[in-house]
Amino acid sequence: MDYLQDLFEFLKIDTTSAKGKGEEGAKFIVDYMKNHGIEAELIRHKARNPYIYGEINVGAKKTLLIYNHYDVQPVEPLDKWNTDPFTPTIKEGKIFARGVGDDKGTLMARLQAIIELMKEGKLHVNIKFLYEGEEEIGSPNMEEFLKDYSEKLKADYVLWEGSGKAPNNAPQIVLGVKGLLYVELRKRTSKDLHSMYAPIAQNPAWDLVYLLRSLRTEDGKVLVPHFYDKVKWLSEEEKKYLNIDKKYLEDAIGQNIKDMDAMIKLVSNPTCNIDGIYAGYTGEGSKTVISSYSFVKIDFRLVPDQDPDEILRYLEEYISPYNVELIVHGKVRPYRTSINSEIARALIVSAKNVYGQDPIVLPNSPGTGPMEMIARYLKLNQIADGIGVDYYGSNIHSFNENIYVDDYYKAMSWMKEFLRVI
Ligand SMILES: [Zn+2]
């Protein structure tokens, strides 16, 4: 079995879901699984690109569900690529191709590791596979799919999409996600006015400024009462694996960071962020006016166990004296798997065994994803991400997407070791 050759055949197939492609890639993987003795099928359901479902039942007590996606992001702008995105090319120890980092490479590395274990007769946990073809367009049909197939997907643990290496080159494990509450606040009066009326007229721009000032302190503390009531602050054990120098974060954001514990803050602090703000005249030159309209878009990034519905209620109550219109644009619940869970322990131990160093473990990603939804529909509380092939320079979603050949094989070894110790 030539691992890289098989990976390359997969990478050659254009599976850009945004352009309606994916079917051919799905068929390739189903055939690949079947050819290696894994039961697999395409499930169309309501999605345009089919789901791939696979199963290996070795009669074990526990079952691991593995999630990956086979679709990719559009490759444009093409002229920025040094090689053709659908002609996998090895250069200076790296493989260049669209999808090699996100997520086809990880899908294949894990799958090939499992095939190897099967051949060696060393697989001692049941495996279920779920490969999606619409992740890169926001998984629009995933919730419906989970609703209808929760019985079929039933498992004890879920291994998520694949977190690769942390910026300090240590293997990275992610045990959850932050949640989100996204709102827009609007303030209106009946018409624009000459600014000479300022002594007696209301100004929606000022109204908004005062409202915003009341939401947050200068150092980032959210002032909405009860906002922090349900926050689960990190334990010492959880902080131990966040030992990453702040210089990597400074590189990432292009700013100096004062806090020594920046990494802990990044993971554990919920926030109130202004995404966009508008009021009045912003054109050329001057216009003396009291604009009749102002609005702001705000995201609250939430941490376990904050509930976006509850936070919304607290917010509505708190800002009611300002008399603004409130529109909700999105709600996602946060999620966290315990660092002492079986899956987290198995990932940490196997990472140490393979890489010879402590992994970086994020109790939750600073970003948001649908983990809580998975946990809810599958009725389980052990979802973790790790065993990915990408690194901080993988340029996923961008041009010249790449991974190190060595990282590909390392991920295979990590997968085998993880399945041995779980
Ligand atoms: Zn992606």
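Residues numbered from 1 in each chain as written. Predicted model: local features only at pLDDT ≥ 70, side-chain atom pairs only at ≥ 80, totals over all residues. Heavy atoms only, no water.

1. Observations concerning the domain arrangement of the protein
Entries for the protein in the domain assignment read domain 1 (3–175 + 337–421) and domain 2 (178–231 + 270–332). Of note, the centres of domain 1 and domain 2, computed from C-alpha atoms alone, are 39 Å apart. Across the boundary between the two partners, domain 1 contributes six residues, which contact six residues of domain 2. For the pair domain 1 and domain 2, the summed buried surface comes to about 430 Å²; carbon and sulfur atoms form 46% of the total. It is N364, P366 and T368 that lose the most area in domain 1 upon contact with domain 2, and together they represent 81% of the buried surface on that side. Counting the contacts that link domain 1 with domain 2 gives zero salt bridges. Summed over the shared surface of domain 1 and domain 2, the number is four residue pairs in polar contact (both at pLDDT 80 or more). Class assignment for the residues of the side of domain 1 that touches domain 2 results in one nonpolar, five polar and no charged. (Domains from an automatic or database assignment. Contact = heavy atoms within 4.5 Å. Buried area = accessible area lost by both parts, 1.4 Å probe. Salt bridge = Lys/Arg side-chain N within 4 Å of Asp/Glu carboxyl O. Polar contact = N/O pair within 3.5 Å; in protein donor to acceptor, adjacent residues only side chain to side chain. Nonpolar A, V, L, I, M, F, W, Y, C, P; charged D, E, K, R; others polar.)

2. Thoughts on helix α3 (residues 104–119)
The first and last C-alpha atoms of α3 sit 22 Å apart over 16 residues, in line with the 22 Å expected at 1.5 Å per residue. Within α3, 13 of the 16 residues are buried, leaving the element largely enclosed by the surrounding structure. (Helix = DSSP H or I, 4+ residues; strand = E, 2+ residues; numbered from the N terminus. Expected span 1.5 Å × (residues − 1). Buried < 20%, exposed > 50% of the residue type's maximum accessible area, 1.4 Å probe, protein only.)

3. Examining the coordination of the zinc ion
Bound to the zinc ion are the protein donor atoms D102 (OD), E136 (OE), E136 (OE) and H397 (NE2), situated 1.9 to 2.6 Å from the metal. Coordination at the zinc ion is irregular: its four donor atoms span angles of 54 to 139° at the metal. Read from N- to C-terminus, the donor residues coordinating the zinc ion fall into the pattern D-x33-E-x260-H. Taken together, the positions of E136 in the loop between β6 (126–132) and α4 (142–149) and H397 in the loop between β18 (383–384) and β19 (402–404) put the pair 261 residues apart, joining distant regions of the chain. (Donors = N, O, S within 2.8 Å, 3.2 Å for Na, K, Ca; no water. Tetrahedral: all angles 85-135°; square planar, octahedral: opposite > 155°, others 65-115°.)

4. Notes on the sheet that holds strand β5 (residues 94–96)
Overall, antiparallel pairing links the three strands, which are arranged β4-β5-β19 in an open sheet. If you trace the sheet from one side to the other, it starts and ends with β4 (89–91) and β19, each paired once. Going across the sheet, the axis of each strand differs from the next one's by a mean of 30°, ignoring polarity. Looking at chain direction, β5 and β19 are connected through three bridges and run antiparallel. Along β19, the bridge assignment pairs I95 with I403. Against the sheet, helix α1 (residues 3–11) touches β4 and β5, its axis set at about 25° to β5. Those strands touched by helix α12 (residues 405–421) are β4, β5 and β19, and its axis lies near 70° from that of β19. (Pairing = 2+ DSSP bridges. Axes fitted to C-alpha atoms, helices over the stretch in contact; angles between N-to-C directions.)

5. Remarks on the nonpolar core
Core analysis: the largest hydrophobic core is formed by 62 residues, its most contacted members being L64, L111, I127, F129, F418 and L419. Beyond its immediate sequence surroundings of up to four residues, L111 is in contact with Y32, M33, I38, F129 and Y131. Membership of the second largest hydrophobic core comes to 24 residues, among which are I43, Y51, M142 and L380. (Core = buried A, V, L, I, M, F, W, Y, C linked by side-chain atoms within 4.5 Å.)

6. Focus on the packing of aromatic side chains
One pass over the full model with this rule turns up 16 aromatic pairs. With centroids separated by 6.0 Å and ring planes inclined at 50°, the aromatic side chains of F227 and F300 adopt a geometry described as tilted. Here F300 lies in strand β13 (residues 293–302) and F227 lies in the loop between α5 (204–213) and α6 (236–240), a separation of 73 residues in the sequence. Residue F227 shares its accessibility class with F300, and that shared class is buried. Here the aromatic rings of Y278 and F295 are separated by 5.7 Å at their centres, their planes lie at 35°, and the arrangement is tilted. Here Y278, found in strand β11 (residues 271–279), pairs with F295, found in strand β13; they are 17 residues apart in sequence, far enough to count as distant. Ring pairing ties together the aromatic residues F227, Y228, W233 and F300, which thus form one cluster. If you follow R376 out to its NZ or CZ, it ends over the ring of Y377, 5.4 Å from the centre. (Phe/Tyr/Trp six-rings, centres within 6.5 Å; stacked < 30°, edge-to-face > 60°. Lys NZ or Arg CZ within 6 Å of the ring centre and 35° of its normal.)

7. Here we look at the UniProt feature "domain: Peptidase M20 dimerisation" (unreviewed entry) in the protein
Mapped onto the present numbering, the UniProt feature "domain: Peptidase M20 dimerisation" (unreviewed entry) falls at residues 176–323. Note that residues 176–323 is 28% helix and 24% strand, and that its end C-alpha atoms are spaced 36 Å apart. (UniProt positions renumbered as here; feature names shortened; annotations may be inferred.)

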